[in-house]
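# Observations on the three-dimensional arrangement
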Amino acid sequence: MVPLIGAANRDPARHPDPDRLDVAGRDGASISFGSGAHVCIGALLTRIEAEITFRQVLQRWPHLRLADGSPQWADNPAYRGLTALDVVTG
Ligand code: HEM
């Protein structure tokens, strides 16, 4: 069995617009931290770190936006991920 976790959080029946960054949390249906008995025990820590990081970044660069041609996705059917995320800060 080969799990293709690159499809996680992208089921069109649950996430009609999966490329949109929804910081409010996509109706709470994210499976990024697993679920059930083995749900990630670091999820809360990670969310706190992310909130601190995004707040700092947006305070430092309030006009931050994606550069043309960004983001660039890795060509890997098993794992979704970026090869580059070019931004414009000014
Ligand atoms: C972006 C960051 C993270 C992601 C996406 C993530 C994702 C996950 C996922 C999907 C699982 C479930 C695996 C399974 O079902 O077998 C898991 C489990 C786990 N995570 Fe994380 N994790 C993150 C950060 C962390 C951090 C910061 C810690 C510790 C401080 C942590 C500790 C653990 C542990 C101990 C488990 C195993 C829980 C168990 O089996 O009962 N994770 N994580």
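Structure's up top.
What you see is a predicted model, and the numbers here were worked out from it, not measured in a lab.

Around the ligand, the neighbouring residues are S32, F33, G34, A37, H38, V39, C40, I41, G42, L45 and T46. Within the contact set of the ligand, an oxygen atom lies 2.7 Å away from a side-chain nitrogen or oxygen of H38. Looking at the shell around the ligand residue by residue, the classes come out as six nonpolar, five polar and no charged.

For the iron atom of the ligand, the protein contributes exactly one donor atom, C40 (SG), at 2.2 Å. Inspection of the secondary structure assignment puts C40 in the segment before α1 (43-60).

For the rest of this paragraph, the subject is a nonpolar patch on the surface. Taken together, the side chains of L66, W73, L82, L85 and V87 make up a nonpolar region of the molecular surface, amounting to roughly 470 Å² of accessible area. Inspection of the secondary structure puts L82 in strand β3 (residues 82-84).

What follows deals with the pattern of salt bridges. Pairs can form between side chains of opposite charge once their charged atoms are near each other. Applying the stated criterion to the full structure yields one salt bridge. Here E51 ties to R55 by a salt bridge, and the two come within 3.1 Å at their closest N and O atoms. Remark: R55 and E51 occur in helix α1; sequence separation between them is four residues, near one turn of the helix. E51 sits in the partly exposed class, given a relative accessible area of 46%.

So, how was this worked out
- Residues numbered from 1 in each chain as written.
- Predicted model: local features only at pLDDT ≥ 70, side-chain atom pairs only at ≥ 80, totals over all residues.
- Heavy atoms only, no water.
- Near = heavy atom within 4 Å.
- Polar contact = N/O pair within 3.5 Å; in protein donor to acceptor, adjacent residues only side chain to side chain.
- Nonpolar A, V, L, I, M, F, W, Y, C, P; charged D, E, K, R; others polar.
- Donors = N, O, S within 2.8 Å, 3.2 Å for Na, K, Ca; no water.
- Helix = DSSP H or I, 4+ residues; strand = E, 2+ residues; numbered from the N terminus.
- Patch = residues over 30% accessible without salt bridge, like charges linked within 9 Å, V, L, I, M, F, W, Y side chains within 5 Å.
- Areas by Shrake-Rupley, 256 points an atom, 1.4 Å probe, with all protein chains shown as cover.
- Salt bridge = Lys/Arg side-chain N within 4 Å of Asp/Glu carboxyl O.
- Buried < 20%, exposed > 50% of the residue type's maximum accessible area, 1.4 Å probe, protein only.

Spatial relationships are all this shows, so hold off on functional conclusions.
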